[in-house]
Amino acid sequence: MEFIKRNQWITPLLGVLFIFVMSMPFWMDNRTTKEESFTQLPIWGTKPVVASASPLEARTSLSFVTWNNTHTQKVIKQVKAETTVAQTKALKAKKLAKQAKLKAANARSAKAKASSGIVTASSSINHSTPTHLYFTRTELLNQKEKSEATWTYAMSSKDRLLLERIVMAEAEGEPYEGKVAVANVVLNRLRSANFPKTIKDVIYQRYQFSPVNNGRFDRVKPNAESVQAVSAALSGHKEVPDNTYYFVSLSLATDDTIERTRTKVVQIGHHTFFK
């Protein structure tokens, strides 16, 4: 101790040595750590070593990939299915629209044909319709018998149209024979001295034809069958005798005068004809 007291510079030296000795373990440990870290660095130009995942991490990653692939496939299938359904609906709608358009066109065409059918039928028959009617005192003659006629009636296009309209108005729902018979009655009256001398006056004679009285006669348009029936009657075809002047629908009649006072000839459809 006496030595230390005399040499006081030794004390600091001993303190430095003590500190150096105590710090040696920490300095060596730090150096070792740095060396290990340095030795773990990859050599220049080589690929770094990637630490392998644990089995749990590997299974988790694989499960996710599998789920993702499955989910993606489901989404793709769903999108394809929805696209197919949409395309099918679009094609069906397009087909229905096309069918509706075609149906409408056919309806318009049929309507046009029906409308023109009247004119066409009338026009085609007009070429064979007589322009003159030949009568004796008791009957209408056909065109081959005109030499036997005692008087002649000149047919106009207006006369023919009036005759077609009265047939249509009186016998629209009746059979063809009934339509011809109605035309026969008008022509029988034209021939008879007891009725007017023109087709127009015969048809418009007061209280004789109910469609004229109620206005139906002015509204109807002759169909092809009515036109054909008139043409047949004008050519001499007869469904009732020349002395038949009346017809009535007994189921609808409100006056039975004709039934009580006239002789029945024949019933055709709903009409009963009398002389």
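Going by the structure above, here's the rest.
What counts, and at which threshold
Residues numbered from 1 in each chain as written. Predicted model: local features only at pLDDT ≥ 70, side-chain atom pairs only at ≥ 80, totals over all residues. Heavy atoms only, no water. Helix = DSSP H or I, 4+ residues; strand = E, 2+ residues; numbered from the N terminus. Buried < 20%, exposed > 50% of the residue type's maximum accessible area, 1.4 Å probe, protein only. Contact = heavy atoms within 4.5 Å. Areas by Shrake-Rupley, 256 points an atom, 1.4 Å probe, with all protein chains shown as cover. Pairing = 2+ DSSP bridges. Axes fitted to C-alpha atoms, helices over the stretch in contact; angles between N-to-C directions. 1 Å grid on protein atoms, 1.4 Å probe; cavity = no way out; pocket = protein on both sides within 12 Å on 5 of 7 lines; lining within 4 Å. Points joined across faces, edges and corners; volume = space filled by probe spheres on them. Nonpolar A, V, L, I, M, F, W, Y, C, P; charged D, E, K, R; others polar. Parallel < 35°, antiparallel > 145°, perpendicular 65-115°, else oblique. Left-handed = near helix turned anticlockwise from the far one by under 90°. Phe/Tyr/Trp six-rings, centres within 6.5 Å; stacked < 30°, edge-to-face > 60°. Lys NZ or Arg CZ within 6 Å of the ring centre and 35° of its normal. Patch = residues over 30% accessible without salt bridge, like charges linked within 9 Å, V, L, I, M, F, W, Y side chains within 5 Å. Salt bridge = Lys/Arg side-chain N within 4 Å of Asp/Glu carboxyl O.

K.L.:
Describe the overall build of the chain, and please don't skip the residues or the numbers.
P.N.:
Broken down by element type, the chain carries 10 helices and 6 strands. Residue burial in the chain is summarised as follows: out of 275 residues, 27% are buried. Looking at the chain alone, contacts between residues at least 24 apart form 63% of all its contacts between residues at least 6 apart. Accessible surface, the chain: about 19,600 Å² in total, of which carbon and sulfur atoms supply 60%.

K.L.:
For the sheet that holds strand S4 (residues 246-248), give the residues involved together with the corresponding values.
P.N.:
Backbone-to-backbone hydrogen bonds join strands into a sheet, with any given pair of strands oriented parallel or antiparallel. Read from one edge of the open sheet, 3 strands run S4-S6-S5, paired in antiparallel fashion. Two strands close off the open sheet at either side, each with one partner strand: S4 and strand S5 (264-268). This sheet shows a mean twist of 25° between the axes of neighbouring strands, independent of strand direction. Strand direction decides the pairing type here: S5 and strand S6 (residues 271-274), joined by 4 bridges, are antiparallel. Paired with Gln267 across the bridge in S6 is Thr272.

K.L.:
Report on the sheet that holds strand S2 (residues 140-141), specifying residues and quantitative values.
P.N.:
With antiparallel pairing, 3 strands are arranged side by side in an open sheet as S2-S1-S3. The sheet is open, and its two borders are formed by S2 and strand S3 (151-154), each paired with just one other strand. For strand S1 (residues 132-135) and S2, the ladder comprises 2 bridges, and the chain directions are antiparallel. Looking at S2, one finds that Tyr134 is bridged to Leu141. Those strands touched by helix H5 (residues 176-191) are S1, S2 and S3, and its axis lies near 65° from that of S1.

K.L.:
Explain the layout of surface pockets to me, and be specific about the residues and the numbers.
P.N.:
Roughly 660 Å³ of volume is contained in the largest pocket. Lining the largest pocket are 24 residues, with Gln208, Ser210, Phe247, Val248 and Ile258 positioned closest to its centre. Residue composition of the lining of the largest pocket, by class: 9 nonpolar, 9 polar and 6 charged.

K.L.:
Give a description of helix H9 (residues 224-234) that names residues and reports values.
P.N.:
The buried fraction of H9 amounts to 8 of the 11 residues, a majority that puts the element mostly inside the structure. Taken as a whole, H9 has its buried residues at Ser226, Val227, Ala229, Val230, Ser231, Ala232, Ala233 and Leu234. Positive phi appears at Gly236, one or two residues downstream of H9, with a value of about 110°.

K.L.:
Describe the packing of helix H4 (residues 157-171) against H9, with residues and values.
P.N.:
H9 packs onto H4 with a crossing angle of 120° between their chain directions and a minimal axis gap of 9 Å. Considering the angle they form, H4 stands oblique to H9. Considering how the two elements wind past one another, H4 and H9 form a crossing that is right-handed. Judged by residue contacts, Arg160, Leu163, Glu164, Val167 and Met168 of H4 engage Ser226, Val227, Val230 and Leu234 from H9.

K.L.:
Can you lay out the packing of aromatic side chains for me, pointing to particular residues and giving the numbers?
P.N.:
All chains considered together, the criterion is met by 6 aromatic pairs. With a centroid separation of 4.7 Å and 20° between ring planes, the pair formed by Phe135 and Trp151 is classed as stacked. Here Trp151 lies in strand S3 and Phe135 lies in strand S1, a separation of 16 residues in the sequence. Its relative accessible area of 26% is what places Trp151 among the partly exposed residues. When the ring centre of Trp151 is taken as origin, the NZ or CZ atom of Lys197, which lies over that ring, is 5.8 Å away.

K.L.:
An account of a nonpolar patch on the surface is needed here, citing residue identities and associated values.
P.N.:
On the surface, a nonpolar cluster with roughly 270 Å² of combined accessible area is contributed by Leu13, Leu14 and Leu17. As for its placement among the helices and strands, Leu17 is situated in helix H2 (residues 10-39).

K.L.:
Residue-level account of empty space enclosed by the protein, with values.
P.N.:
In this structure the tally under the stated criterion is 1 cavity of 30 Å³ or more. Together, Leu140, Asn184, Leu187, Asn188, Ala233, His237, Lys238, Val240, Pro241 and Asp242 line the largest cavity. In the lining of the largest cavity, the residues fall into 5 nonpolar, 3 polar and 2 charged.

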